[in-house]
Amino acid sequence: MEEKVNGGAGTLTAETSMAFGGVAAGGLMCLMSMSSIQFGAALSSSAIAAYGPAGASWLRLAVAAIILAVFVRPRFASYTRAQWTSALVLGATTALMTMSFFAAIERIPLGLAVAIDFLGPLSVATIGYGLSRRLIWPLIAALGVLALAHDGEGWVGNVEGILFALGAGTGWAIYIVLTKKIGASFKGLEGLSMSLMVAALVATPFGFTGAVPALDGYGLIEMAGLAILVPLLPYTLELIALRRMPTASFGILMSLEPAIAALAGFVILAQPMTLLQMAGTALVVAASAGATFSARQ
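Everything numeric here is computed off the predicted structure, so don't read it as measured data.

The rules we used
Residues numbered from 1 in each chain as written. Predicted model: local features only at pLDDT ≥ 70, side-chain atom pairs only at ≥ 80, totals over all residues. Heavy atoms only, no water. Helix = DSSP H or I, 4+ residues; strand = E, 2+ residues; numbered from the N terminus. Buried < 20%, exposed > 50% of the residue type's maximum accessible area, 1.4 Å probe, protein only. Contact = heavy atoms within 4.5 Å. Areas by Shrake-Rupley, 256 points an atom, 1.4 Å probe, with all protein chains shown as cover. 1 Å grid on protein atoms, 1.4 Å probe; cavity = no way out; pocket = protein on both sides within 12 Å on 5 of 7 lines; lining within 4 Å. Points joined across faces, edges and corners; volume = space filled by probe spheres on them. Nonpolar A, V, L, I, M, F, W, Y, C, P; charged D, E, K, R; others polar. Core = buried A, V, L, I, M, F, W, Y, C linked by side-chain atoms within 4.5 Å. Salt bridge = Lys/Arg side-chain N within 4 Å of Asp/Glu carboxyl O. Axes fitted to C-alpha atoms, helices over the stretch in contact; angles between N-to-C directions. Left-handed = near helix turned anticlockwise from the far one by under 90°. Patch = residues over 30% accessible without salt bridge, like charges linked within 9 Å, V, L, I, M, F, W, Y side chains within 5 Å.

S.K.: Can you help me understand the overall build of the chain in this one?
M.R.: The number of helices and strands found in the chain is 11 helices and zero strands. Put simply, the chain has 297 residues, and 44% of those count as buried. Within the chain, counting contacts between residues at least 6 apart in sequence, those at least 24 apart form 89% of the total. Total accessible area computed for the chain in this model is approximately 15000 Å², and 71% of it derives from carbon and sulfur atoms.

This is how it looks when you write it as structure tokens:
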């Protein structure tokens with residue numbers, strides 16, 4: 001009897017250890033995904049300067065679409081009208097969101113742009129549960145954005161940059177809603193592959209003429225690297241992470257993204273932050289984590 005008890009305890013300990021290991025690995029993948037996104041955005045500054053926001057967006061989307069299509073090999077002829085419609089709508093949203101975000105980080109600091117960008121999905125997550133006390137979270141995040149927008153001497157950035165960041169946040173909010181509705185339409189990575197191809201086509205009229213004349217061999221290699229950093233690597237890491245950890249834990253961890261964006265802006269772009277701006281970043285992170293946690297209650 002004692003052997004059975006000890007054996008059962010050993011099995012439980014092993015299962016607990018494996019579960020914890022799975023969550024820890026998932027958490028590490030989340031951090032890697034966020035770092036890839038934000039450091040990829042910071043490293044895109046040279047591409048934005050060379051090709052313009054629209055040109056850099058188009059190149060990144062086009063290269064990412066080609067790379068993923070080679071591996072996924074989407075079956076074009078087998079898709080239904082509903083699947084094609086889903087890919088068209090999601091792809092168009094992705095293109096506009098990407099171009100708006102690149103236009104924003106050309107004009108305002110990366111940390112501020114990402115914080116404003118976060119207001120979109122944060123509002124969706126809050127309003128989706130009705131008008132209640134959860135509305136406090138977007139208000140806290142808005143206060144954080146205001147703190148980020150002031151460097152102690154004056155307001156940073158410009159109105160155009162803030163408007164582009166709001167546009168990117170709106171696109172992100174729409175992207176989330178669309179993904180929830182049509183994410184099950186495709187198998188595996190086929191949906192992502194199709195939407196990226198559509199996004200590249202939608203961005204072509206805006207970015208082709210500004211990018212192609214200035215593109216050389218080095219630029220093509222650079223854009224291939226950026227395309228892997230965003231969106232190919234993050235999407236894969238997040239997909240694996242979600243299989244290893246609860247959705248709530250995943251959402252709370254992803255709330256760290258504004259802080260990682262501020263770090264990437266400091267390390268890569270030499271964008272320092274005052275204590276007020278650090279406090280603003282903390283408010284945005286806290287608001288995002290709070291909204292995610294309360295939504296699971």
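What follows picks up the thread again.
S.K.: Help me understand the environment of Ala103, please; the structure alone is not making it clear to me.
M.R.: Tracing the sequence through the fold places Ala103 in helix α3 (residues 81-107). In this structure the C-alpha to C-alpha distance between Ala103 and Ser57, which are 46 residues apart in sequence, comes to 9.3 Å. Look past the residues within four positions of Ala103 in its chain and what remains in contact with it is Pro53 and Phe164.

S.K.: Teacher, can you tell me more about the layout of surface pockets here?
M.R.: Empty space among the atoms becomes apparent when a probe as large as a water molecule is rolled across them. Quantified by volume, the second largest pocket comes out at close to 160 Å³. Along the walls of the second largest pocket sit 14 residues, with Pro109, Gln271, Pro272, Met273 and Gln277 positioned nearest its centre. Of all elements in the fold, only α4 (110-127) and α10 (257-269) reach the threshold of two or more residues within the lining of the second largest pocket. Its residues assigned to classes, the lining of the second largest pocket shows nine nonpolar, four polar and one charged.

S.K.: Would you mind going over the nonpolar core with me for this structure?
M.R.: Within soluble globular proteins, side chains that are nonpolar generally end up buried alongside one another. Formed by 47 residues in total, the largest nonpolar core has its most connected members in Leu61, Phe101, Ile105, Leu110, Leu112, Leu196 and Met223. No other element matches the 12 residues that helix α2 (residues 45-72) contributes to this core. If we skip the residues at most four places from it in the chain, Leu196 touches Leu61, Ala64, Ala65, Leu68, Pro231 and Leu232.

S.K.: Before we go on, may I ask you to explain the pattern of salt bridges in this structure?
M.R.: Any two side chains of opposite charge can pair, so long as their charged atoms come close to each other. The final tally for this structure, using the stated rule, is three salt bridges. Salt-bridge contacts for Glu106 lead to Arg107; the nearest nitrogen and oxygen are separated by 3.1 Å. For Arg107, a relative accessible area of 27% corresponds to the partly exposed category. Measuring nitrogen to oxygen at the nearest pair gives 3.2 Å for the salt bridge that ties Arg107 to Glu160. You can see Arg107 sitting in helix α3 and its partner Glu160 sitting in helix α6 (residues 159-182), a full 53 residues away along the chain. Through salt bridges with shared partners, one network takes in Glu106, Arg107 and Glu160.

S.K.: What am I meant to see in the side chain of Gln277 here?
M.R.: Examined against the element boundaries, Gln277 turns out to sit in helix α11 (residues 275-295). Here Gln277 is in contact with Ala147, Leu148, His150, Asp151, Val156 and Pro272, once residues within four sequence places are set aside.

S.K.: Can you help me understand the packing of α2 against helix α7 (residues 190-211) in this one?
M.R.: Working note: a packed helix pair is described by the angle between its axes plus the distance between those axes. Close contact between α2 and α7 brings their axes to 7 Å; oriented N to C, the two are set at 145°. When the axes of α2 and α7 are compared, the crossing they make is left-handed. Here the contact of α2 with α7 is built from residues that sort into 20 nonpolar, five polar and one charged.

S.K.: Just checking my understanding: could you explain a nonpolar patch on the surface for this structure?
M.R.: On the surface, a nonpolar cluster with roughly 440 Å² of combined accessible area is contributed by Leu43, Leu263, Phe266, Val267 and Ile268. With four residues, α10 is the largest single contributor of residues to the nonpolar patch. Along the polypeptide, Ile268 turns up in helix α10. For Ile268, a relative accessible area of 34% corresponds to the partly exposed category.

S.K.: So what exactly am I meant to see when it comes to the environment of Pro205 here?
M.R.: With respect to the helices and strands, the residue Pro205 is situated in helix α7. Assessed through its relative accessible area of 64%, Pro205 is described here as exposed. Sequence separation between Pro205 and Trp58 is 147 residues; the distance between their C-alpha atoms is 9.1 Å.

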